[in-house]
Amino acid sequence: MLIRNLCNIALASTVLALSGCSGGVLDPKGQIGIDEKNLIIIATVLMLLVVIPVIVMTLYFAWKYRDTQTHEIYAPKWAHSNKIEAFVWAVPIVIVIILGVITWESTHSLDPYKPIEGKGKHLTVEVVSLNWKWLFIYPEQGIATVNELVFPANVPVEYKITSESTMNSFFIPQLGSQIYSMAGMETKLHLIANEPGTFKGFSANYSGAGFSGMKFNAIATPTQGDFDKWVSDVKAKGNKLTKANYYELAKASENNPVTYYGDVDKGLFHTIIMKYMPGMKDMKGMKKMTDMPHDMAEHSATPSISQGEE
C-alpha cells in the first residue's frame, strides 16, 4: 500500500512538473528550438547515466547496512580492485568525451549568428530594447511596431538587435536561442517558426522597475500572404516613426500597449547604434550618419564589438 501511494505521488509530481513545460523551451515550435531541446535531453540523459546509479547504490547500501540490520556485517575482504577502479574512472571519462564532441558540434551548428540554410531568403527585423518595451523595425517593409512581432511561418528571420540604454536579453523560448541587446552594439540572431501560432517573447535579463511588463507576442502567420496583408494594414494606420518621436517613444514606460507605425525614417536603427559613438552625440552627427547609404552606415557600425565577436 505504501509503495502504491509513493508511486501515485511520484506520477502526480511528474505530471505537474511537465505541465509547466508548455510554452517553454521544452515545447519548441521552431527548428532551432527543437535542436536545442534535443541537446538538453541528450546531455541530461548522459549525465544521469552516472547520477542515477550513484543515487540508487547510496540508498541501497544505506538500507542494507542500516543500524537495525544486525545480521548484515559490512566487512570487505579487498583493499583495491583494478576492475572497479577502471570502471569508476572510465565511465565518466567516456561521458565527458561524448558531451565534449556534442557540445563542439552543436556550438557551431546552433551559432545564433549563422543563417538558417535551405529555407529561402531571410526576413530582416531590427530589434531595439527600450525601457521597458520592444521596438521592431522592418527595414524592407518600411514599418515598425512596439511589443508585437509578426513574421510568416516557415520563413527564416534574421534579427539585428541593439539597445537604447540598459542591457536586455531578447528571448522567444519556443523558437530558440536568447541573445543580449547592448547599447552601441549590434548582435544577431536567426530563428524560424515551423508552424503558425502566437509565441510569448520577453526580456530574460533584469533591467529595472518595469522589467516584468517587458513582454511581446511573436506571431507566425500561416502564409506569406497573411503577413503581407498585416504589413498593408500597418501601413494603412498612417503613424510615422521619426527621430523626433522616437525620442518620445524611448522614454521609460511600463506595460506599454501595442503600437504600429506605417512609416519609419530610413537608417533609424543605425542611428540608434551610433548615438554612443564619439562625434555622433549631437543631432548634426546623427543626421550625417542617417544620410549615409545603408551599406556604408552598416559598415561604419562594424568596429563596435558584437556578442560572440572580437
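Before any of the text, the structure's been laid out above.
Below is a summary of the structure that appears in this document. (Residues numbered from 1 in each chain as written. Predicted model: local features only at pLDDT ≥ 70, side-chain atom pairs only at ≥ 80, totals over all residues. Heavy atoms only, no water.)

### Focus: the pattern of salt bridges
Taken as a whole and judged by the stated rule, the model has 8 salt bridges. Measuring nitrogen to oxygen at the nearest pair gives 3.2 Å for the salt bridge that ties D233 to K229. Placement of both D233 and K229 in helix α4 (residues 224-236) is noted, with a separation of 4 residues, approximately one turn of the helix. When its relative accessible area of 53% is taken as the criterion, K229 is described as exposed. (Salt bridge = Lys/Arg side-chain N within 4 Å of Asp/Glu carboxyl O. Helix = DSSP H or I, 4+ residues; strand = E, 2+ residues; numbered from the N terminus. Buried < 20%, exposed > 50% of the residue type's maximum accessible area, 1.4 Å probe, protein only.)

### Description of helix α3 (residues 82-109)
Between its first and last C-alpha, α3 extends 40 Å over 28 residues, near the 40 Å set by a 1.5 Å rise per residue. Among all positions of α3, only I95, L99 and S106 are buried. (Expected span 1.5 Å × (residues − 1).)

### Looking at the nonpolar core
Taken as a class, soluble globular proteins show a tendency for nonpolar side chains to be buried jointly. Grouped together as the largest cluster of nonpolar side chains are 38 residues, with contacts concentrated most on Y138, L149, F151, Y159 and F170. Counting residues per element, the ones that place at least two in this core are β1 (123-130), β2 (133-138), β4 (148-152), β5 (157-163), β8 (187-191), β10 (215-221) and α4. When residues of this core are assigned to their parent elements, the largest contribution, 4 residues, is made by α4. The residues touching F151, leaving out its near neighbours within four places in the chain, are L123, V157, Y159, L175, A193, A218, I219, A220, T221 and F227. Counting residues in each nonpolar core, the second largest holds 17 residues, with L130, F269, I272 and I273 among its members. (Core = buried A, V, L, I, M, F, W, Y, C linked by side-chain atoms within 4.5 Å. Contact = heavy atoms within 4.5 Å.)

### Side note on the sheet that holds β1
Read across the sheet, 6 strands follow the order β8-β5-β1-β2-β3-β12 without closing on themselves; strand pairing throughout is mixed. Two strands lie at the open edges of the sheet, namely β8 and β12 (259-261), each paired on one side alone. Shown here is a sheet whose adjacent strand axes are inclined to one another by a mean of 20 degrees, direction ignored. Pairing geometry for β1 and β2, over 5 bridges, is antiparallel. Across the sheet, residue V127 finds its bridge partner in β2, namely F136. α4 contacts β1, β2, β3 (143-146) and β12 of the sheet and is inclined by roughly 85 degrees relative to β3. (Pairing = 2+ DSSP bridges. Axes fitted to C-alpha atoms, helices over the stretch in contact; angles between N-to-C directions.)

### Some points on the packing of aromatic side chains
Tallying each qualifying case throughout the model produces 13 aromatic pairs. On the basis of an interplanar angle of 65 degrees and a centroid distance of 5.6 Å, the ring pair of Y246 and Y247 is categorised as edge-to-face. (Phe/Tyr/Trp six-rings, centres within 6.5 Å; stacked < 30°, edge-to-face > 60°.)

### Structural notes on the side chain of K275
Checked against the element boundaries, K275 lands in the loop between α6 (268-274) and α7 (283-291). By relative accessible area, which is 16% here, K275 ends up buried. One polar contact links K275 to E164, side chain to side chain, over a distance of 2.7 Å. (Polar contact = N/O pair within 3.5 Å; in protein donor to acceptor, adjacent residues only side chain to side chain.)

### Regarding the pairing of β8
Side-chain direction in a regular strand flips from residue to residue, so the side chains alternate between the two faces of the sheet. The element β8 is largely enclosed, with a buried count of 4 among its 5 residues. Direction of pairing for β5 relative to β8: antiparallel, over a ladder of 5 bridges. By the bridge assignment, V157 is partnered in β8 with L191.

### Considering the sheet that holds β4
The sheet built from 5 strands is open, its strands ordered β4-β10-β9-β6-β7 with mixed pairing. Each edge of the open sheet carries a strand with a single partner, namely β4 and β7 (179-181). Going from strand to strand, the sheet's axes swing by 25 degrees on average, the running direction of each strand aside. Bridge count for β4 against β10 is 5 bridges, and the pairing is parallel. Bridge pairing in β10 links E148 to N217. Across the sheet, α4 lies against β4 and β10, angled at about 140 degrees from β4, the strand it touches most.

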